[in-house]
Amino acid sequence: MGTSSRTPPKVAVLMGGPSAEREVSLNSGSACAAALRERNYRVVEVDAGPDLCAVLSDLKPDVVLNCLHGRWGEDGCVQGLLEWMGLPYTHSGVLSSALAMDKQRSKDVFRAYGLPVVESIIAKSDDVRKSHVMAPPYVVKPNNEGSSVGVYLVGEENNGPPQLDGDMPDEVMVEAFAPGRELTTTVMGDRALTVTDIITTGWYDYDAKYKEGGSSHVLPADVPSEIFDLCMDYALRAHNALGCRGVSRTDFRWDESKGAAGLILLETNTQPGMTSTSLSPEQGEAVGISFPDFCAWMVEDASCSR
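Worth saying up front: this structure is predicted, and the values here are computed from it rather than measured.

Q: I keep staring at the sheet that holds strand β2 (residues 42–47) and nothing clicks. Help me out?
A: Two modes of strand pairing occur in sheets, parallel and antiparallel, and in both the strands are linked by backbone hydrogen bonds. As summarised here, the arrangement of the three strands in space is β2-β1-β3, forming an open sheet in which the pairing is parallel. Each having just a single partner strand, β2 and β3 (63–66) make up the two edges of the open sheet. Geometrically, the sheet is characterised by an average inter-axis angle of 25 degrees between neighbouring strands, direction not taken into account. Relative to β3, strand β1 (residues 10–15) is paired through four bridges, and the arrangement is parallel. Residue pairing in the sheet places Leu-14 in a bridge with Asn-66 of β3.

Put into structure tokens, the structure is as follows:
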């Protein structure tokens, strides 16, 4: 997309949706819409529902900025709809979105590309409630949700297996716990931006990610240059291994006592949050990319057949 024409492009910002991450998506979409208006784009905010195809057909946008998070918006479903409609859109395409959202399959890809990940299995939720399916400590989470929705940390001191709530899916991922510091790196096109050290008082859960004061961010991260460079390298390799496009963010755990061998890749997020507390826009600012310019770059990068 170009901005040199007399009439600025019309951008449909997809937000909300039916997933467990609806509120975060609404915040991301509102922030991006405001930033794009600063750059004189014609912006329409769209709360994505079952009538999305009809809404977009009526709007006839020049480009779609996908600010949906979680299932349906981040797992290839909406991407397939947009490709079928012939609308240029942001972020990753159908296959890479589906792969990244499926945590177990994405880890299989990472292993194939020589990236360090921990042991994990897919287990029935009922079995996880009955007994330890893996030696503690381990983490239980949905295999296809993001933003730390429904994450359980089971420590060695636990008296028994986790009592998962009724909202958890029938099958979950059980993953060996990776101790250490929480690090993250954003990739923008073919460039890794920087490394952030995420400081929390406990588990980096949903509240720590999205509530004011839930966590603090040190960037660039105060880590040895070897670890910093590995995060940058691994994030770009993960982005490419999954076939990601546009912006992605890869999360790590680093056990300082093990040096480079203690750096573990947790997962890659193909549509990072764009709220006031989000990591990727903050990393952009740290390397000289303002939030409006960050959003404009995503729009200009949009295409079909991603």
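Q: Help me understand the side chain of Ser-92 in this model?
A: Tracing the sequence through the fold places Ser-92 in the loop between α3 (77–85) and α4 (94–101). Look at Ser-92 and you get buried, because its relative accessible area is 0%. Excluding residues within four positions of it along the chain, Ser-92 makes contact with Gln-79, Ser-97, Cys-244, Arg-245, Thr-270 and Arg-306.

Q: Explain the nonpolar core to me, please; I cannot follow it from the model alone.
A: Note on soluble globular proteins: their nonpolar side chains tend to be buried together. In terms of nonpolar packing, the biggest core is built from 27 residues, with Leu-183, Phe-252 and Leu-263 touching the most fellow members. If you tally residues by element for this core, the top one is helix α8 (residues 225–241), at nine residues. Not counting the four nearest positions on each side in its chain, Leu-183 is found in contact with Val-195, Thr-196, Asp-197, Ala-221, Val-223, Ile-227, Cys-231, Thr-250, Asp-251, Phe-252, Trp-254 and Leu-263.

Q: Can you walk me through the packing of aromatic side chains in this structure?
A: When we look at a pair of aromatic rings, we describe it by the centre distance and by the angle of the planes. For the structure on display, the rule yields one aromatic pair. Plain terms: the ring middles of Tyr-234 and Phe-252 are 6.4 Å apart, the flat faces sit at 40 degrees to each other, and that makes the pair tilted. Residue Tyr-234 is found in helix α8, and its partner Phe-252 is found in strand β11 (residues 247–254); the two are separated by 18 residues along the sequence. The burial state of Tyr-234 is the same as that of Phe-252; both residues are buried. Cation over ring: Arg-71 sits above Trp-72, and NZ or CZ is 4.8 Å from the ring centre.

Q: In this structure, what is going on with unusual backbone geometry? I would like to understand it.
A: A negative phi holds for most residues other than glycine; trans holds for most peptide bonds. Residue Pro-137 is bonded to the preceding Pro-136 through a cis peptide linkage, with omega at 0 degrees. Mapped onto the elements, Pro-137 comes out in the loop between α6 (125–130) and β5 (138–141). The peptide bond linking Leu-219 to Pro-220 adopts the cis configuration, its omega dihedral lying at 0 degrees. In the Ramachandran plot, Asn-40 falls in the positive-phi region, its phi being about 70 degrees despite a non-glycine side chain. Topologically, Asn-40 is positioned in the loop between α1 (22–38) and β2. Of note in the backbone geometry, Trp-72 takes a positive phi value of approximately 75 degrees without being a glycine. As for its placement among the helices and strands, Trp-72 is situated in the loop between β3 and α3.

Q: Explain the sheet that holds strand β7 (residues 171–176) here, please?
A: Strand order across the open sheet formed by four strands is β4-β7-β5-β6, with antiparallel pairing between neighbours. The sheet is open, and its two edges are formed by β4 (120–124) and β6 (152–154), each paired on a single side. For this sheet, the mean angle separating the axes of adjacent strands, direction not counted, is 25 degrees. Sheet analysis places β5 next to β7, joined by four bridges and oriented antiparallel.

Q: Where do I start with the environment of Met-168 in this structure?
A: Assignment of secondary structure puts Met-168 in the loop between β6 and β7. When the C-alpha atoms of Met-168 and Ser-125 are compared, they prove to be 7.5 Å apart, with 43 residues separating the residues in sequence. Setting aside residues up to four positions removed in sequence, Met-168 forms contacts with Ser-125, Val-140, Lys-141, Pro-142, Gly-150 and Tyr-152.

Q: Mind showing me how you'd approach the packing of helix α2 (residues 52–59) against α3 here?
A: Relative placement of two packed helices is described by the angle separating their axes and the distance separating the axes. At a minimum axis distance of 11 Å, the contact between α2 and α3 shows a crossing angle of 40 degrees. The orientation of α2 with respect to α3, classified from their angle, is oblique. The chirality of how α2 crosses α3 is right-handed. Judged by residue contacts, Leu-52, Cys-53, Leu-56 and Ser-57 of α2 engage Val-78, Leu-81, Leu-82, Trp-84 and Met-85 from α3. In terms of residue class, the contact of α2 with α3 is made up of eight nonpolar, one polar and no charged.

Q: Is there a simple way to explain the pairing of β11 in this structure?
A: Strand residues, when the strand is regular, have side chains that alternate between the two faces of the sheet. Counted residue by residue, β11 has eight buried out of eight residues, so it is predominantly covered. A two-sided burial pattern is seen for β11, the buried positions comprising Val-247, Arg-249, Asp-251 and Arg-253 on one face and Ser-248, Thr-250, Phe-252 and Trp-254 on the other. Looking at chain direction, strand β8 (residues 181–188) and β11 are connected through eight bridges and run antiparallel. Among the inter-strand pairings, Thr-185 is bridged to a residue of β11, identified as Thr-250. Note: β11 against strand β12 (residues 263–269), six bridges, orientation antiparallel.

Q: How do you make sense of α8 when you look at a structure like this?
A: For the α-helix, the turn length of 3.6 residues means that residues three or four positions removed from each other point alike. The end-to-end C-alpha distance of α8 is 24 Å, a good match for the 24 Å that 17 residues give at a rise of 1.5 Å each. Against α5 (103–112), β8, β9 (191–199), β11 and β12 lie the buried residues of α8. Of the residues flanking the end of α8, it is Gly-243, one or two places downstream, whose phi is positive at about 75 degrees.

The rules behind the values
Residues numbered from 1 in each chain as written. Predicted model: local features only at pLDDT ≥ 70, side-chain atom pairs only at ≥ 80, totals over all residues. Heavy atoms only, no water. Pairing = 2+ DSSP bridges. Helix = DSSP H or I, 4+ residues; strand = E, 2+ residues; numbered from the N terminus. Axes fitted to C-alpha atoms, helices over the stretch in contact; angles between N-to-C directions. Buried < 20%, exposed > 50% of the residue type's maximum accessible area, 1.4 Å probe, protein only. Contact = heavy atoms within 4.5 Å. Core = buried A, V, L, I, M, F, W, Y, C linked by side-chain atoms within 4.5 Å. Phe/Tyr/Trp six-rings, centres within 6.5 Å; stacked < 30°, edge-to-face > 60°. Lys NZ or Arg CZ within 6 Å of the ring centre and 35° of its normal. Parallel < 35°, antiparallel > 145°, perpendicular 65-115°, else oblique. Left-handed = near helix turned anticlockwise from the far one by under 90°. Nonpolar A, V, L, I, M, F, W, Y, C, P; charged D, E, K, R; others polar. Expected span 1.5 Å × (residues − 1).

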